[in-house]
Amino acid sequence: MSIKTPACGWDQAVFRCGRCGAECTATNEADYLKAVGAHGDAHAVWDQHNTIERDGITSILRTILSAPELAAELLALADRPPTGDGGQ
């Protein structure tokens with residue numbers, strides 16, 4: 001008679017932020033650590049700005065995240081050296 005022991009490992013883990021109540025479910029340790037790190041970084045950036053700056057950041061992110069090609073073009077513009085005409 002052999003007894004099979006269940007495999008050890010991840011099924012899923014839920015991260016709940018004590019500061020804002022956000023929840024994230026991950027199915028492996030790497031994704032869990034990535035989610036917790038990104039959320040903590042987001043709080044750190046958010047805490048550095050006032051309400052007006054937060055509104056501006058939020059508006060910019062909504063625009064850029066809804067149009068990935070726009071984000072790519074903005075990054076390309078940022079990486080180009082200045083042309084001497086004030087960027088116009």
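The structure under discussion appears in the preceding block.
Within each chain, residues carry numbers counting from 1 in the order of the written sequence. Reporting of local features is limited, given that this is a predicted model, to residues whose pLDDT is at least 70; pairs of side-chain atoms are given and counted only at 80 or more, and all residues count toward the totals for whole chains, interfaces and linings. Heavy atoms from the whole structure form the basis of all side-chain values; hydrogens and water molecules are not counted.

> When you look at the overall build of the protein chain in this model, what are you seeing that I'm missing?
Secondary structure elements are defined from DSSP: runs of H or I of at least 4 residues count as helices, runs of E of at least 2 residues count as strands, and each element is numbered from the N terminus. What the protein chain contains, in helices and strands, is three helices and two strands. Per-residue burial over the protein chain gives 8% buried out of 88 residues. Pairs at least 24 apart in sequence give 10% of the contacts found in the protein chain among residues at least 6 apart. For the protein chain, the computed accessible surface area is about 7500 Å², with 58% contributed by carbon and sulfur atoms. Exposed residues in this analysis have more than 50% of their type's maximum accessible area, buried residues have under 20%, and partly exposed residues fall in between, with area computed by a 1.4 Å probe over protein chains only. By definition in these notes, contact holds between two residues if any of their heavy atoms fall within 4.5 Å. Residue-level accessible areas treat just the shown protein chains as cover; the underlying method is Shrake-Rupley with a 1.4 Å probe.

> What am I meant to see in the pattern of salt bridges here?
Close approach of charged atoms lets side chains of opposite charge pair. What counts as a salt bridge is simple: a side-chain nitrogen of Lys or Arg found within 4 Å of a carboxyl oxygen of Asp or Glu. What the rule picks out here adds up to two salt bridges. The closest approach of N and O atoms between Glu23 and Arg16, which form a salt bridge, is 3.2 Å. Taking the relative accessible area as the measure of exposure, Glu23 reaches 55% and is therefore exposed.

> Explanation requested: the pairing of strand β2 (residues 23-26) in the structure shown.
Looking along a regular strand, one sees side chains alternate from face to face of the sheet. For two strands to be treated as a pair, DSSP must find at least two bridges joining them. Pairing geometry for strand β1 (residues 13-16) and β2, over four bridges, is antiparallel. Looking across to β2, one finds that Val14 is bridged to Thr25.

> Teacher, can you tell me more about the state of the cysteines here?
Note that a disulfide, as used here, is simply two cysteine sulfur atoms within 2.5 Å. Counting across every chain of the model gives zero disulfides. Free of any disulfide, Cys20 has its nearest cysteine sulfur in Cys17, 3.7 Å distant.

> Sorry if this is basic, but what is going on with the packing of aromatic side chains here?
The description of two aromatic rings rests on the distance between their centres and on the angle between their planes. The rule is short: rings of Phe, Tyr and Trp, with Trp giving its six-membered ring, pair when the centres are within 6.5 Å, and they are stacked under 30 degrees, edge-to-face over 60, tilted in between. Under the definition given, this model contains one aromatic pair. Considering the side-chain rings of Phe15 and Tyr32, the 6.5 Å spacing of their centres and the 80 degrees angle between planes classify their relative orientation as edge-to-face. Of this pair, Phe15 sits in strand β1 while Tyr32 sits in helix α1 (residues 29-47), placing them 17 residues apart in sequence. According to the relative accessible area criterion, Tyr32 is partly exposed, its value standing at 24%.

No statement about biological role is implied by the geometric values presented.
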